[in-house]
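The chain contents come next:
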Amino acid sequence: MSAVITRVGVVGGGQMGTGVAEVCARAGLDTVVCEVDAVTARTARDRVDSSLDRAVRRGKLAPEAAAGALGRLVFTGSLDDLADRQLVVEAVIENPDVKTEVFAALDKIVEDPAAVLATNTSSLPVMRLAMATGRADRVVGLHFFNPVPVLPLVEVVTSLHTSAETTALVEDFATRTLGKTVIRSRDRAGFVVNALLVPYLLAAVRMAESGFATFADIDAGMELGCAHPMGPLKLADLIGLDTVASIAESLYDEFREPLYAPPPLLQRMVQAGLLGRKSGRGFHIYGQGRGPGPTRAGAPAPPRG
């Protein structure tokens, strides 16, 4: 395989997958995005188109650059269209069984045995996914952060089998090709960022759950008292409460530390479909053309279904 990656595949056309695809296309790469079918593939294309349009309107991207990026993207409903890729980034739902199934399928479909299979998981063991393939030395964690076109960080996570060649290749790709900053982590749940961040978010949820302070006051305290750009409950809403709960469960499964256990309020909100920004309501309420507003004037009462 060439030392320079020019053909990238992305499995998953959600917020993270389309973000990864967008930064690859903006970097001049031939990029194929695979979703479960043609309908969801079109939705993924619309998501990228909207993101590029926002970048143009905000003066962050020239119109011709946006058009060029969109022209380098192909959207498909078939994994078979990833056969010639040099790097495939998996960005499907944070479910170990689903991700393992994707890696097993990619191992059979991607033709070049030297191609790299990467996962954008935020917490699951890279080793588990690697062992679903016959090329564990070519499997690595490549964890981007949301929104991918804006945030500069990528975590590179190596399993016990990941080769030095694979690590060097993906680090060069992330830094030189995509212009990201790389930090390295061993293959432990949560890696670097989420192992530090998620206990903080869970502590804020427990504070709200206990009635110690309102949602609004908890966020204002960290924004105005600690100069955080976003309070912990707003940040949890942005990440997605289902994702926060999933990461917490992975951390707790691995370490069995009480600070990692998802609080009951978080679990109930996920069960109720109150997932944050993507559902329109979490700890705050979100609507068309408006920012977050406090849920029930910021009262930390359990959410109504």
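Residues numbered from 1 in each chain as written. Predicted model: local features only at pLDDT ≥ 70, side-chain atom pairs only at ≥ 80, totals over all residues. Heavy atoms only, no water.

Colleague: Go over the overall build of the protein, please, and point to the residues and values.
Modeller: For the protein, the helix and strand inventory stands at 11 helices and 10 strands. At 20 Å, the protein has a C-alpha radius of gyration in line with the 19 Å of a compact globule built from 305 residues. Going through the 305 residues of the protein one by one, you find that 47% of them count as buried. Residue pairs in contact within the protein that sit at least 24 positions apart in sequence constitute 67% of those at least 6 positions apart. With an accessible surface of roughly 13900 Å², the protein has 55% of that area assigned to carbon and sulfur atoms. (Helix = DSSP H or I, 4+ residues; strand = E, 2+ residues; numbered from the N terminus. Rg over C-alpha atoms; globule rule 2.2 N^0.38 Å. Buried < 20%, exposed > 50% of the residue type's maximum accessible area, 1.4 Å probe, protein only. Contact = heavy atoms within 4.5 Å. Areas by Shrake-Rupley, 256 points an atom, 1.4 Å probe, with all protein chains shown as cover.)

Colleague: How would you summarise unusual backbone geometry if you had to cite specific residues and measurements?
Modeller: Omega for the bond connecting Asn 146 with Pro 147 falls within 30 degrees of zero, at 0°, which places this linkage in the cis form. Within the fold, Pro 147 resides in the loop between β6 (139-144) and β7 (153-158). Despite not being glycine, Phe 191 shows a phi value in the positive range, around 55°. The topology assignment puts Phe 191 in the loop between β8 (181-186) and α7 (193-209). Backbone geometry at Ala 227 places phi at a positive 60°, although glycine is not the residue there.

Colleague: Requested: an account of the nonpolar core, with residues and values cited.
Modeller: In this structure, Val 8, Leu 73, Leu 87, Leu 142 and Phe 173 are the most contacted members of the largest nonpolar core, which totals 37 residues. Once you skip the residues sitting within four places of it in the chain, Leu 73 turns out to touch Ala 21, Ala 25, Thr 31, Val 33, Arg 45 and Val 48. Among the nonpolar cores identified, the runner-up in size contains 24 residues, and Leu 241, Ile 247, Leu 266 and Met 269 belong to it. (Core = buried A, V, L, I, M, F, W, Y, C linked by side-chain atoms within 4.5 Å.)

Colleague: Account for the packing of aromatic side chains, with residues named and values stated.
Modeller: One pair of aromatic rings is described through two measures. These are the centre distance and the angle between the planes. Scanning the entire structure with this criterion turns up 2 aromatic pairs. Look at Phe 255 and Tyr 260: their rings are 5.5 Å apart centre to centre, the planes differ by 40°, and that puts the pair in the tilted class. (Phe/Tyr/Trp six-rings, centres within 6.5 Å; stacked < 30°, edge-to-face > 60°.)

Colleague: Which residues make up the packing of helix α10 (residues 241-255) against helix α11 (residues 264-271), and what values do they have?
Modeller: Packing of α10 against α11 brings their axes to within 9 Å, and their N-to-C directions diverge by 130°. Classed by the angle they form, the pair α10 and α11 counts as oblique. For the pair α10 and α11, the crossing hand works out as left-handed. Here Leu 241, Asp 242, Val 244 and Ala 245 of α10 lie close against α11, whose contacting residues are Leu 266, Met 269 and Val 270. Residue composition of the contact of α10 with α11, by class: 6 nonpolar, no polar and 1 charged. (Axes fitted to C-alpha atoms, helices over the stretch in contact; angles between N-to-C directions. Parallel < 35°, antiparallel > 145°, perpendicular 65-115°, else oblique. Left-handed = near helix turned anticlockwise from the far one by under 90°. Nonpolar A, V, L, I, M, F, W, Y, C, P; charged D, E, K, R; others polar.)

Colleague: Could you give an account of the packing of helix α9 (residues 232-239) against α10, naming the residues involved and the relevant values?
Modeller: Between two packed helices, what matters for the description is the angle formed by their axes and the separation of those axes. Direction vectors running N to C along α9 and α10 enclose 95°, while the axes themselves pass 5 Å from each other. The angle between α9 and α10 falls in the class roughly perpendicular. Contact residues: α9 offers Ala 236, Asp 237 and Ile 239, while α10 offers Leu 241, Thr 243 and Val 244. Taken together, the residues of the contact of α9 with α10 break down into 4 nonpolar, 1 polar and 1 charged.

Colleague: Kindly report on the pattern of salt bridges, identifying the contributing residues and their values.
Modeller: Tallied over the full model, the rule gives 13 salt bridges. Residue Glu 223 pairs with Lys 234 through a salt bridge whose shortest N-O separation is 3.0 Å. Of this pair, Glu 223 sits in helix α8 (residues 215-225) while Lys 234 sits in helix α9, and the two are 11 residues apart along the sequence. Members of the salt-bridge network, linked through shared partners, are Asp 30, Asp 84 and Arg 85. (Salt bridge = Lys/Arg side-chain N within 4 Å of Asp/Glu carboxyl O.)

Colleague: How would you sum up the confidence of the model for the protein? Please name residues and give values.
Modeller: Scored by pLDDT, the protein comes out at a mean of 93, with 93% of its residues at no less than 70. Across residues 294-305, where pLDDT falls below 50, the model places 29 contacts with residues more than four positions away in sequence or in other chains. (pLDDT = per-residue confidence, 0-100.)

Colleague: Can you break down the environment of Phe 191 residue by residue, with the values?
Modeller: The exposure class of Phe 191 is buried, given its relative accessible area of 7%. The sequence separation of Phe 191 and Asp 253 amounts to 62 residues, and the corresponding C-alpha distance is 14 Å. Among all residues touching Phe 191, those that are not within four sequence positions of it are Thr 121, Ser 122, Ser 123, Leu 124, Val 126, His 143, Glu 155, Val 157, Ser 185 and Arg 186.

Colleague: Quick rundown of α8? Include the residues and the values.
Modeller: Looking at α8, one finds that the buried residues are Phe 215, Ile 218, Asp 219 and Glu 223. Down the axis, α8 shows its buried residues gathered within 120° of arc, on one side only. Exposed and oriented more than 90 degrees from the buried face of α8 are Asp 217, Leu 224 and Gly 225. Looking at the buried residues of α8, the elements they touch are α7, α9 and β9 (284-287). Positive backbone phi, approximately 60°, marks Ala 227, located one or two places after α8. (Arc of directions from axis to C-beta.)

Colleague: Describe the side chain of Arg 135, naming the residues involved and giving the relevant values.
Modeller: In this structure, Arg 135 sits in the loop between α5 (126-130) and β6. Dropping the residues within four chain positions of it, Arg 135 is found in contact with Leu 106, Asp 107, Val 110, Asp 112, Pro 113, Ala 115 and Leu 117.

Colleague: Before we move on, can you summarise the sheet that holds β6 with the specific residues and values?
Modeller: Overall, mixed pairing links the 8 strands, which are arranged β3-β2-β1-β4-β5-β6-β7-β8 in an open sheet. Here the strands that pair on one side only, and so sit at the sheet edges, are β3 (73-76) and β8. Pairwise comparison of adjacent strand axes, ignoring direction, gives a mean angle of 25° for this sheet. As paired strands, strand β2 (residues 30-34) and β3 are joined by 4 bridges and run parallel to one another. By the bridge assignment for β3, Val 33 is matched with Phe 75. (Pairing = 2+ DSSP bridges.)

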